[in-house]
Amino acid sequence: MTSKEEVPEDVLECANLLMALNCSKPTAEEYKKIQLWKNIANAMELTIIPKTEDCKVSRCLDVGTKSKMPYWLDKFIRDNIGVGPKMIIEKSLTATDLNPNNGRLSMPPSQIVDEDFVTEVEKTIKEKGLSGKGLDATIIDCKLRRWEVNLRIWDMSGRPIYNLLTGWNQVVKDINLQEKDNIRLWSFHSNGKLYFALILLPPSTDSGKPKP
């Protein structure tokens, strides 16, 4: 494998561009162009780090797929002895999700793709008597930042709706989430605690839509 000392100048130039793009929202066309550079950087074991520490956008190049976790998430789960990873939902963020007065991310069961997740959450809340308090959880992103949130099940017009509360407004602020941003959420457990991994998808990726 090529060593860091042997990295060609044009590849380093691409890496510098990637660092700049990491603090902005690339267009669909830009995202397609940098896929090749991402693969080259991964092959050469380049570490791509944002130039500024105050970058508030977490659009990472490695987003994985609906059936495969991104590498950074797989490594985090292994490093923290995590178990039971599940891709639970993809959605396009709505104005309601981002309204600070609401302070919640809504996850309708019709959009949750892993039914085992629903069953496990309901069972945990019932067994621990947390119906009115909800279940504490942690959200992480690709920079391994952490936010403490609370998962609750609300009865909305006779339908159960899963909501992430408490720290959600801070997540929106820190990541600079916008209406119509597409996100993917994975869940897993580490040391008995529920975790969510929030992945901000590129503009060209279709988000999950409610079933008719």
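In this report, we go over the structure that sits alongside the text. Computed from a prediction, not measured in an experiment: that's the story for all the values here. (Residues numbered from 1 in each chain as written. Predicted model: local features only at pLDDT ≥ 70, side-chain atom pairs only at ≥ 80, totals over all residues. Heavy atoms only, no water.)

1. Looking at the pattern of salt bridges
For step 1, the next point in the chain: Within this structure, the stated rule accounts for 7 salt bridges.
For step 2, the next point in the chain: A salt bridge links R78 to D74; its shortest N-O distance comes to 2.9 Å. Separated by 4 residues within a single helix, R78 and D74 lie in helix α3 (residues 71-79), roughly one turn from each other.
For step 3, the next point in the chain: A relative accessible area of 48% means that R78 is categorised as partly exposed.
For step 4, the next point in the chain: In this structure, the salt-bridge partner of D79 is K75, at a minimum N-O distance of 2.8 Å. Here D79 and its partner K75 are both found in helix α3, 4 residues apart, which amounts to about one turn of the helix. (Salt bridge = Lys/Arg side-chain N within 4 Å of Asp/Glu carboxyl O. Helix = DSSP H or I, 4+ residues; strand = E, 2+ residues; numbered from the N terminus. Buried < 20%, exposed > 50% of the residue type's maximum accessible area, 1.4 Å probe, protein only.)

2. Description of the pairing of strand β6 (residues 182-190)
For step 1, the next point in the chain: Of all 9 residues making up β6, 8 are buried, and the element is well covered by its neighbours.
For step 2, the next point in the chain: Bridge count between strand β1 (residues 82-92) and β6: 8 bridges; the pairing is antiparallel. Across the sheet, residue I89 finds its bridge partner in β6, namely L185.
For step 3, the next point in the chain: Pairing geometry for β6 and strand β7 (residues 193-200), over 8 bridges, is antiparallel. Each bridged residue has a counterpart across the sheet, and for L185 the counterpart in β7 is L198.
For step 4, the next point in the chain: Hairpin geometry of β6 and β7 is characterised by an intervening segment of 2 residues between the two adjacent antiparallel strands and by a positive phi of about 50 degrees at N191. (Pairing = 2+ DSSP bridges.)

Read these as layout, nothing more, since geometry by itself doesn't imply function.
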